[in-house]
Structures are given as C-alpha cells and as structure tokens.
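Chains, contacts and geometry: an overview
As a plain string of letters, each chain reads:
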Amino acid sequence: MLKEGQIRIPSGCAISGIFSRSGKPVCGDRIVRSIAVMHDRSNGLGGGFAGYGIYPEYKDCYAFHVFYDDVEARQRGEQFLERHFDIVNLSRIPTRKVPSISNEPLIWRYFVNPLPHKLADSQLDEREYVARCVIRVNSTIEGACIFSSGKNMGVFKAVGYPEDVGEFYRLEEYSGYCWTAHGRYPTNTPGWWGGAHPFAMLDYSVVHNGEISSYDANRRYVEMFGYRCNLLTDTEVIAYMFDYLLRRQGLTLEEAAHVVAAPFWDTIARQPEETKKELTYLRKAFSSMLITGPFSILLGFEGGMMALNDRLKLRSMVAAEKGDLFYVASEECAIRAIEPELDRVWSPRGGEPVIVRLNENNRGEEQP
Amino acid sequence: MIPNEIYAEFEVVRNLDRCTVCRVCEKQCPNGVHTFQAEKGVMLADETKCVNCHRCVAFCPTRALKIVPSGHTFRPNANWSRQSIEEVYRQASSGGVLLSSMGNPCSYPVYWDKLLLNASQVTNPSIDPLREPMETRTFLGKKPQRICRDASGKLVDNMEPGLELSTPILFSAMSYGSISYNAHAALARAAQELGTYYNTGEGGLHEDFYCYGENTIVQVASGRFGVHREYLNAGAAVEIKIGQGAKPGIGGHLPGSKIVADVSRTRMIPEGSDAISPAPHHDIYSLEDLHQLVYSLKEATGYKKPVIVKVAAVHNIAAIASGIARSGADVIAIDGFRGGTGAAPTRIRDNIGIPIELALAAVDQRLREEGIRGEVSIIAGGSIRSSADVVKAIALGADAVYIGTAALLALGCHLCRSCQSGKCAWGIATQKPELVKRLNPEEGAQRLVNLVNAWTHEIKEMMGGMGINSIEALRGNRLMLRGIGLNERELSILGVSHAGE
C-alpha cells in the first residue's frame, strides 16, 4: 500500500485551539483535554499539536523538530544541518511509552541559527534561507523530515489518537500562549508520522479539517515559487500558500484570508467602492490561490492565531471567549470541556477570518 | 484520353411518393444539384455537385430527401483508400494543390474523449449550482509578481490591462471575407450579450462593427490586412496571429472569389485578388522580433490593451510558449491541429501540428516549471466541441477556450467542409449576397447566446459535482482528470493518472 506522500489521501478531522491574549502561559494538558472530547472525529491514524511560546530559553533560535527513519538518515540530516546552521543545542525530544503508539521514528530537536557566511552567500533573507533548507531536507534527504522549524514554537505529532499523542510527547510539561490541536480521520493510509497535522513552515502552522477541491490547482501554482508538496495533503499546501502570501508577498492576514476564501463576485459588488477595488484586486492577482471545498483551519503564527472557514462554511467551527482566553474548535463541546462558563460563543461566518493577537504590551519581540 | 473518373461521394435519395415537385431544393442548393425536368414533371439530381450540406434536406417540406454515401467503391484496399486514389486522379488532372476547409477530419486520437472528470462522494460535498453561487468569471492577462502599497499602506492596483469574461469561452478568429457580414454581425452581438469576445481574424474590422469594440479582439496577421491605428485601438485586445492549427507554417488563404467590394475595402486589398498571407510575419523571424512587435502594438495602443499571441500547436510548443511568455505578451492562444479554417492545403491541414490536449498540457506544465505561468494566460482552441471539453481544457491548465467550429454549427453550418468554394448554402462562409442573406444576424446571435449559456450551465453542473464553486480553482487542477485507455507516455505528458488510480 502506498504511504502518504506517494498518494493523495482525503481525510476528515477535528481541530481545536486556545489562545491567551494576555500571553499568560497555558499548560499543554488543556489542549489535550479539549481535543480528546472529539475522539470520534479521529480514527487513530494521526494527531498533533502546535505550541507557541514554549521555548522561551531559546526564543531567538529556530527550533527544528525532525523525524528520522533510522540512524543513517539522522547522520545524513545532521550533516546537512551542520553545513548550513550553527547548532546551539540538540537532543531527543522527550517522550513516554504509550501502548497505542508504536513504530515511532527517531525524534530529534535542534535549536539552530543560520551560519552567517552561508546566509550571506545565499543572498537570501534569513527566513527564506531557513525555509529553503527545510524544503531541501524534506524533498532530498531520504528518511528525514523537518516537521517544525519556527522560533519559540514547536509541533508535536504522531500516528495515534490526539490524546495519546499528547501523552506520548508529555505535553503537560510545556506551556505557551497558543495551542492548536488536530485529530485525524484519514481514509486509507497505513498512517505516517510526517503526514499527521499540524503542518508547519517557519513559525506558521496549520491544522485543518476538510478536503479541498482546489488542491491540485493550488499545489501546482504554489510549487512555482520553490515549494515542494511532498505529502500531498491539503494542510501542507495551505501552509505553503499562507507562507507565500504573508511572508513572501507581504499581505496582511485579512488580505490573505480574502485570497484563499475570497468573497463571491456578487458579494464584492455590494461592497463600498474602496473595499470592492481591494477585494477585486486580490481575487484577480491571486486567483490560483483560491481554495474551494470544505475547510476549517487554524493558522498559528508568532504572536497570533487565525481561524478561517471556507466561503460556504462546509465544515463546523465554533469560537468562544472567556476573559483574555480565546477558544476555537470543530465542536462547542471541545471548548466547554475545558472552560464550561464562557463569556461569548459564536459561529464565525464562512470566509470571515477570526484573528487574535497578543495584547500590545505582551507582544515582546514579535515582528511588526 | 484518360477519363478523370470521380464518382459522386454522396447519393441524393428522393422519395417520389413524398416529393411534391415544389422545387424548394432547387432554390436552396447553391451548387446546382437539383433541376426540374419539365417534360416529365420531376426533379432530377446531379450528385457529382453535392457537398452534403443538408440545405435541401432541411428545407424539404415533405421530408422527401436524404443524402447517403453513394457506396461506389474501388476494389477494397487497406492501404489505398478511395480518397487517396481520387486525390491522385485530381492532382494528375489539375496539377494543383488540394484545398480543404474546416478542421482535420482524419482518425487521429481525440484525447478529450480519453479523459474523465471527477465528482465528490462523501469525503467532501458536491455543490449544487441551482442553490449556491457558482462562478465562471474569468480574467485573462498577467498577474503582478509583487504587490505594492501606497504611503498609507493600501494596496495599489498594479494589474496590467486584461480581459474580463463572464464565462471562459471566446469566439475564435474568423475573418470577414472567409465568413460573411451577417456571420460577423451575429458573433459580435452574441459576444456583447454574453460578456465575452469575438475575434476579427486577419480580415480587418468592418466599419459597422466598431460599435462592438469592447467585445472585439482585433487580429494582426502576417498579411496585415486592414490593420491601421483606429483598427488597433477599436478592440479590447490585439492578437498577433503567428499560426493557425489548421495550417501551421503557412499564412491565411482567401480565394479571390470571396474578395467582394466590401471585403476589399475592409481588408484594404484589390477586389477579386486572392489574399494569400505570407507564411511568416516578415518582421518576426525570432523571439526577439516578436518581443518588438508586442511592444510596438502596446505603444500603438497606449499600453491600454493586452496583447495575445496565437500559435499553432506544433512539436516544440512548450519551448515556443515559454519564449512567448517572456516576450511581453499577456495571453498565449494555442490552436490544436483539429482547428478549423476557411481554406487550407489538404496535406497541411491533415498532417501538420499536434493535438491541443497534449500541447496545452505540455505548455502549462512548462510555464509552471519555469515559474512564469502567472506571466501569461492561456487560451486553448482547436477543437472544443462541448462543455465537457471546456472543463477538461481548464483542468489541464487553460484559462479559457476559443470556439470556432462549434460557433459556426450554432449558426447553421453542417460541416460539409466546402468553405473554400465560397458557396456556403447557410450564408456563413460566402460573400454571395443571395446566400449571405440566408443567415439572419439576430437569430444567429440568439443561437450563439443559447449555445454558450447552455455550455456555461453544464460547466457549472460539472464544477459543482467536483465540489468546486469558482472556475479558477479548476484551472490546472489535473487531479480532477483521469485518463482512460492511455499509455504511460500519454498520461505523463497530460500529467494525469489513469482511471482507477
């Protein structure tokens, strides 16, 4: 049977997210409890989490989380990393044995900085340099997969139910200002660790529920800009698209949302003149970045999170607030399970992004 | 003397029990097939003149007529077909080049018919176009490489001029001269009503049709017929015609019999003279020359109109398209070897060029590999026969399609492939006033509108089935296609998996 990356596999899913606007750290076990409620939306073939603000001691380094199939793959991977990066720290990612999770690859973590002369020679900005290195490892070094590459954030994922994955990675030992989670229901895969969500590039991470019908149009377009969609998953291409629109084109989150979940032309026609011009421009300029078909996604990034539904809202997604905390999940029960009393609960409309950020005084060193 | 024996290809079957000798067939046939024999009071037929255009059949009030193959045969031969033998006879007798019209009719593969479309089941929902918005609006032209913002941070509209279509279907180039005034009038009106474009071809723009300029693409071909400043600025876009699917490597052919006064004035050439366009543009011998012509035309139109470069699908089409994309052109139109024509040498029509499906797939893939797919839009043509072909073309990578033959069929064409004779019974490919008036431009326009609207409905149904509610998400979406009965090589060129994979 072909594994993920060799064949495209549709899957249904559950997602959940917590964001602390005040920046006050939230313990990882809360997100695990939230996603666990939606056990029936997964089938044990993939679960994962992304946490932001979890590595304050290394916040200026890129944190690479890497799967290796075997020791040889690790040697090849580390040779590449040594050639391109100054490795500040490396270690196995601590895990604990969980009966339902087996066949784990070697899971390593590196805190790195680009080698200054390599970076200068490449004539790229630092983030582009790192992104290209990650894509290169994932597409050319057999048995190695860098599945997390941002600063002060990390992705933890595996084949298994999400609550078991949380236990496996000892997430209760981490805390951060933002967490996203994913439980997966793929259709016919033997399950592959790299194929689980979240999918991340630099500090962008995506968890996604849905099956987008525009996949190949999006993939073939974004691959023009140097991305390689090796996993053949929706989440991967969505992550690359946001990386392209936000980081490389410099769109705002709202603008990027209006590209991927563009309003219908007749909705645009009803807008005031200025808005109409802007929305028309975005649809025309980035027409191949429109995503159709059902999706609900959580996009995590340094200092914020965005929740977005497809423009017809073909997947459920509920948002809620309690004080400084923002919650979002496929089902309301996943929020109530960890915060029974809420100030506000609502269903964001299709195509309308909900964006939360750290409050001004807590933004720390976040980029503008 | 060796007799030049060519037996009639068709037989006119007249049911004498039904025939009322009303002589409508005689009036309708421009080829003089039917005659009235007064002594016996019956209709006779000279079948050697019959082109099987069905005009008499369509107008016979008692359905007394039908046209069937004559059945005349040579001794059967798997190598020498009747057509091959008779063509030798013709050429031995005339010493001439064989002429044909409309698209290549030979039995080469039709890849559209070997591609199947996808639909959603369970894992994602199909979308119901009767109850949900379903968007077919299409923009042709360059995409900006970078966004830019003004001092206040607002996005600046840095899109270059392009074309906006309500549906991804345009009427392809057919010149005034090759087709009639009324046919042009019908195309222009239909384009306006549909929110799309028709194309002047290389015959210039009749003064009466300048009012349809917003829905007109004006063509500049190697003969430069009818090209002047007002002409270039009259349309919404300018198309440089390098080649045509029906006759790659040579220029247009318009027999002198079709160059009547009005055509002569529009084309700015003498009445009655054959209009044989030069094979190449004599100012384009290379890509750098094309670059100059593209910018000359942009200069002439004040950088307000997109420039389309139309080429025939030939062997090296991917590299050619890449060169065109870097020439400053905004749109590439690729015309497959099945594309139609009003007149072309038979050998060229039937043997030169490649199928549009393969050419389109190769071009789209190549432009993506080079990272320049956003620099140009692609229009595919030659031949698109139905809405399913449109959907498959867009899924392979086209932005929009050109339809020519299908549009003529809507106007009444019966594909008798005799356009070069100038005696089109349906008033389309003719300049004879008595024939031209058979085509009512209003009715013709309405039938074109009906056709494109019907196709658009079908496109929406198919898109909805795939769970796609906007045409741009279909473009280049090859996962929506599967091949059937194709070999590995064909699948790899088309960039699709086989059915069942």
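Heads up: the structure comes first, above all this text.
Every chain's residues receive numbers from 1 upward, in the order its sequence appears when written. Chains carry letters and ligands carry numbers; both start at the beginning, A for chains and 1 for ligands, and go up in the order they are written. With the structure being a predicted model, the display of local features is reserved for residues of pLDDT at least 70 and the display and counting of side-chain atom pairs for 80 or more, all residues being used for whole-chain, interface and lining totals.

Here's the deal with the sheet that holds strand 18 (residues 331-335) of chain B
All names here are of chain B. Two strands are said to pair when DSSP picks up at least two bridges between them. Here a helix means four or more residues in a row that DSSP labels H or I, a strand means two or more in a row labelled E, and each is numbered from the N terminus. One open sheet holds the eight strands; their spatial order is 11-21-20-18-17-14-13-12, and the pairing between them is parallel. Lying at the two open borders of the sheet, with one neighbouring strand each, are strand 11 (169-171) and strand 12 (198-199). Relative to strand 18, strand 17 (residues 307-312) runs parallel, the two being bridged by five bridges. Among the inter-strand pairings, alanine 312 is bridged to a residue of strand 18, identified as aspartate 335. Our contact criterion uses C-beta atoms placed from the backbone: two residues qualify when those atoms are within 7 Å. Note on definitions: angles span 0 to 180 degrees between N-to-C directions of axes, and those axes are lines fitted to C-alpha atoms, for helices only across the stretch in contact. Against the sheet, helix 8 (residues 317-325) makes contact with strand 17 and strand 18, and its axis sits at roughly 155° relative to strand 18, the strand it touches most. Strands strand 18 and strand 20 (377-381) of the sheet are contacted by helix 10 (residues 356-369), whose axis makes an angle of about 170° with strand 20.

Some words on the sheet that holds strand 18 (residues 354-357) of chain A
Residue and element names in this part refer to chain A. Here we have five strands laid out as an open sheet, ordered 11-12-13-14-18, and antiparallel in their pairing. At either margin of the open sheet sits one strand with a lone partner, and together these are strand 11 (199-201) and strand 18. Ignoring which end each strand starts from, the neighbouring axes of this sheet average 15° apart. Pairing between strand 13 (residues 295-301) and strand 14 (residues 304-309): six bridges, direction antiparallel. Its bridge partner being in strand 14, serine 296 is matched across the sheet by asparagine 309. Where helix 7 (residues 234-248) meets the sheet, it contacts strand 11, strand 12 (204-210) and strand 13, and its direction lies at approximately 135° from that of strand 12.

Focus: the nonpolar core
All names here are of chain B. Each nonpolar core comprises buried Ala, Val, Leu, Ile, Met, Phe, Trp, Tyr and Cys residues, the members being joined through C-beta atoms within 7 Å. Three exposure classes are used, all based on how many other C-beta atoms lie within 10 Å of a residue's own C-beta (placed from the backbone): buried at 20 or more, exposed at 12 or fewer, and partly exposed between those limits. By size, the foremost hydrophobic cluster in this structure holds 262 residues, and its most contacted members are Ile332, Ile334, Leu360 and Val401. Per-element accounting of this core gives the leading share, nine residues, to helix 4 (residues 181-194). Here this core spans two domains, and each of domain 1 (10-98) and domain 2 (167-341 + 350-498) adds at least three residues to it. For isoleucine 332, the residues in contact, after removing those within four places along its chain, are Val309, Ala321, Ile324, Ala325, Val376 and Ile378. Where each domain begins and ends follows an automated or database-derived domain assignment.

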